[in-house]
Amino acid sequence: MDAVISAHNLEHCDEPAAVLAAMCGALTRSGKLYLSFPCAESVHFPSRRGTLQFSDDPTHREPPLWAAVLVDLEKSGMKVEWQNRRYRPAVPLVLGALLEPISAMNQRVMPLGSTWALWGFESVIWATKA
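Keep in mind the model is a prediction, meaning the values are calculated, not measured.

Caption draft 1: Geometry of the overall build of the chain. Assigned secondary structure in the chain consists of four helices and four strands. Helices (α) and strands (β) of the chain occur, in sequence order from the N terminus, as β-α-β-α-β-α-α-β. Computed over its C-alpha atoms, the radius of gyration of the chain comes to 15 Å, within 12% of the 14 Å expected for a compact globule of 130 residues. Dimensions of the chain, computed from C-alpha atoms along their principal axes, come out at roughly 50 × 30 × 20 Å. Across the 130 residues of the chain, 38% fall into the buried class. Long-range contacts, defined as pairs at least 24 residues apart, comprise 73% of the intrachain contacts of the chain with a sequence gap of at least 6. Put simply, the chain shows about 7100 Å² of open surface, and 61% of that area lies on carbon and sulfur atoms. Treating the 12 positive side-chain charges of the chain as one cloud and the 13 negative ones as another, the clouds have centres 5 Å apart.

Caption draft 2: Quick look at the nonpolar core. Ranked by size, the top nonpolar core spans 15 residues in total, and within it Leu20, Leu33, Leu35 and Leu73 carry the most contacts. Those elements that provide at least two residues to this core are α1 (16–25), β2 (32–38), α2 (66–75) and β4 (122–129). Every residue in contact with Leu20, bar those within four places of it in the chain, is listed here: Leu10, Leu33, Leu35, Val69, Asp72 and Leu73. With five residues, the next largest nonpolar core counts Cys39, Leu52, Val109 and Phe121 among its residues.

Caption draft 3: The arrangement of α1 in detail. Those residues of α1 that sit buried are Leu20, Met23 and Cys24. The buried residues of α1 occupy an angular sector of 95° when projected down its axis, which confines them to one face. Of the surrounding elements, those touching the buried residues of α1 are β1 (3–7), β2, α2, β3 (78–87) and β4.

Caption draft 4: Inspection of a nonpolar patch on the surface at higher detail. A cluster of nonpolar side chains, Ile5, Tyr34, Trp82 and Trp126, forms an exposed patch at the surface whose accessible area comes to about 430 Å². Along the chain, the position of Trp126 falls in strand β4. Take Trp126: its relative accessible area is 41%, and that puts it in the partly exposed class.

Caption draft 5: Region of interest: the sheet that holds β3. Ordered by their spatial adjacency, four strands build an open sheet running β1-β2-β4-β3, and the pairing between neighbours is mixed. Every interior strand has two partners, whereas the edge strands, β1 and β3, have only one. Each strand of the sheet is rotated relative to its neighbour by a mean of 10°, with strand direction disregarded. Bridge analysis of β3 against β4 gives seven bridges, and the strand direction is antiparallel. Along β4, the bridge assignment pairs Gln83 with Ile125. The strands that α2 touches are β2, β3 and β4; relative to β3, the one it contacts most, it runs at about 165°.

Conventions we followed
Residues numbered from 1 in each chain as written. Predicted model: local features only at pLDDT ≥ 70, side-chain atom pairs only at ≥ 80, totals over all residues. Heavy atoms only, no water. Helix = DSSP H or I, 4+ residues; strand = E, 2+ residues; numbered from the N terminus. Rg over C-alpha atoms; globule rule 2.2 N^0.38 Å. Buried < 20%, exposed > 50% of the residue type's maximum accessible area, 1.4 Å probe, protein only. Contact = heavy atoms within 4.5 Å. Areas by Shrake-Rupley, 256 points an atom, 1.4 Å probe, with all protein chains shown as cover. Lys, Arg positive; Asp, Glu negative; His and termini not counted. Charge placed at Lys NZ, Arg CZ, Asp CG, Glu CD. Core = buried A, V, L, I, M, F, W, Y, C linked by side-chain atoms within 4.5 Å. Arc of directions from axis to C-beta. Patch = residues over 30% accessible without salt bridge, like charges linked within 9 Å, V, L, I, M, F, W, Y side chains within 5 Å. Salt bridge = Lys/Arg side-chain N within 4 Å of Asp/Glu carboxyl O. Pairing = 2+ DSSP bridges. Axes fitted to C-alpha atoms, helices over the stretch in contact; angles between N-to-C directions.

Without other data, these values stay purely geometric and don't point to any function.
Right, here's the structure in full:
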């Protein structure tokens, strides 16, 4: 594979390290991995419909641990090109801040990833096979 995109997959796996190793193993030399998963801190976020607290999704198993994922990537011959442990893109973050009172009152995440951006729900890593 020239690229693998894994968006919110690892937290659903019984053996996330093995799944990550398999994804990296499937990549050609210079292949790209785009990885996202809930941050470990999300276990302490408030509960909302649409999943803000990690346990809001009953199919979640364990939050991937940031440091362990980075070590597993290195072991698999990956070079991290960009990383953000709690991704908070500017425009959705501002929108999330404006909509947070409505989100809290209605107990649900707001559109366009705005609630997730405000709270920094998502960890993101881009890596290339060395």
